[in-house]
Amino acid sequence: MKKILLPLLAAFLVSSLTVPAAPLSIGDPAPQLQVAKWVKGGPVAGFDPAKTYVVEFWATWCPPCRASIPHLTELARKFPEVTFIGMNVWERGENIAAKVEKFVADMGAKMEYAVALDTADQFMAKNWMEASGRGGIPSAFLVHQGQIAWIGHPMDRLEEILGDAAAGTLDIEKIKRQAAQADKAQQVLGQYFAAVGEKGDATKAANLGKQLEE
């Protein structure tokens, strides 16, 4: 019985002592950059407050990630002063390093930016993705002057935001307000769908529809 209970007790103590990642949102200082291995480019020791970085989370098994890679390469060429990092997370299967290395080698010039592997304890996934509530990849984080300036899909507003950063007109507070509005709209949208239909509340649905328009 001891042989069974002791490993279970040890696992419980480890899990209970694990400190959850601090919540991460736009305007917060960027978390540390920790990697297991630089597959291409790098190393990037940390975030220089005088520079701008894009940290994009991806995996080889993710079709949208593969589709966004050429776009990121185009942005890296358009904004050479920005450091782009493709951070591999949530990779599946065995021999992950070899799998990612082959994938990056096969991509060649289509993936022309630094690529790194997350640590064994998934530091980057936990302290960036999970901490910010991002459950899907690809996801990109713009780090500007040491702060998280934008979070989103790399095919979304990233080019526009990078242009603002290059022009010196990046307004992090404005981006933060826009993100809050988008989150609120998403919540209202969920309530709206629950209110429509035969068993829903037509009056409530109409009011929620007005909120969505606003």
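Our subject is the structure that appears above.
Thresholds, definitions, all that
- Starting afresh in each chain, residues are numbered from 1 along the sequence in its written order.
- Only residues with pLDDT of at least 70 get local features here, since the model is predicted, and only at 80 or more are side-chain atom pairs given and counted; chain-wide, interface and lining totals rely on the full set of residues.
- Neither water nor hydrogens contribute to the side-chain values; these are computed over all heavy atoms in the structure.
- In this description a helix means any DSSP run of H or I spanning at least four residues, a strand means any run of E spanning at least two, and both kinds are numbered starting from the N terminus.
- Here's how the labels work: a residue is buried when its accessible area is under 20% of the maximum for its type, exposed when over 50%, partly exposed in between, all with a 1.4 Å probe on protein chains only.
- We call two residues in contact whenever any of their non-hydrogen atoms come within 4.5 Å of each other.
- Here the Shrake-Rupley method, with its probe set to 1.4 Å, supplies the accessible areas, and only the displayed protein chains count as covering residues.
- By definition here, a helix of n residues has an expected span of 1.5 Å times n minus one.
- Taken from the helix axis, the directions to the C-beta atoms give the arc we talk about.
- Note on disulfides: each one is a pair of cysteine sulfur atoms within 2.5 Å.

1. Thoughts on the overall build of the chain
No. 1: From N to C terminus, the chain includes 7 helices and 6 strands.
No. 2: Tracing the chain from N to C terminus, the helices and strands come up as α-β-β-α-β-α-β-α-β-β-α-α-α.
No. 3: Each of the 214 residues in the chain was classed as buried or not, and the buried ones make up 37%.
No. 4: Residue pairs in contact within the chain that sit at least 24 positions apart in sequence constitute 72% of those at least 6 positions apart.
No. 5: Roughly 12,400 Å² of accessible area belongs to the chain as shown, and the carbon and sulfur atoms make up 56% of that amount.

2. Observations concerning helix H3 (residues 96–107)
No. 1: End to end, H3 covers 17 Å across 12 residues, agreeing with the expected 16 Å (1.5 Å per residue, within 8%).
No. 2: If you check which residues of H3 are buried, you get Val100, Phe103, Val104 and Met107. Looking straight down H3, one finds its buried side chains confined to an arc of 95 degrees; they lie on one side. In H3, those exposed residues whose orientation departs by more than 90 degrees from the buried face are Lys102, Ala105 and Asp106.
No. 3: Those residues of H3 hidden inside the fold are in contact with strand S1 (37–40), strand S2 (52–58), helix H2 (63–78), strand S3 (83–88) and strand S4 (114–117).
No. 4: Phi turns positive, to about 55 degrees, at glycine 108, one or two residues after H3.

3. As for the state of the cysteines
No. 1: Considering all chains together, one arrives at 1 disulfide under this definition.
No. 2: A sulfur-sulfur distance of 2.5 Å marks the disulfide that ties cysteine 62 to cysteine 65. One disulfide, between cysteine 62 and cysteine 65, carries an S-S torsion of 80 degrees and so falls in the right-handed class.
No. 3: For cysteine 62, a relative accessible area of 3% gives the class buried.
No. 4: Taking the relative accessible area as the measure of exposure, cysteine 65 reaches 0% and is therefore buried.

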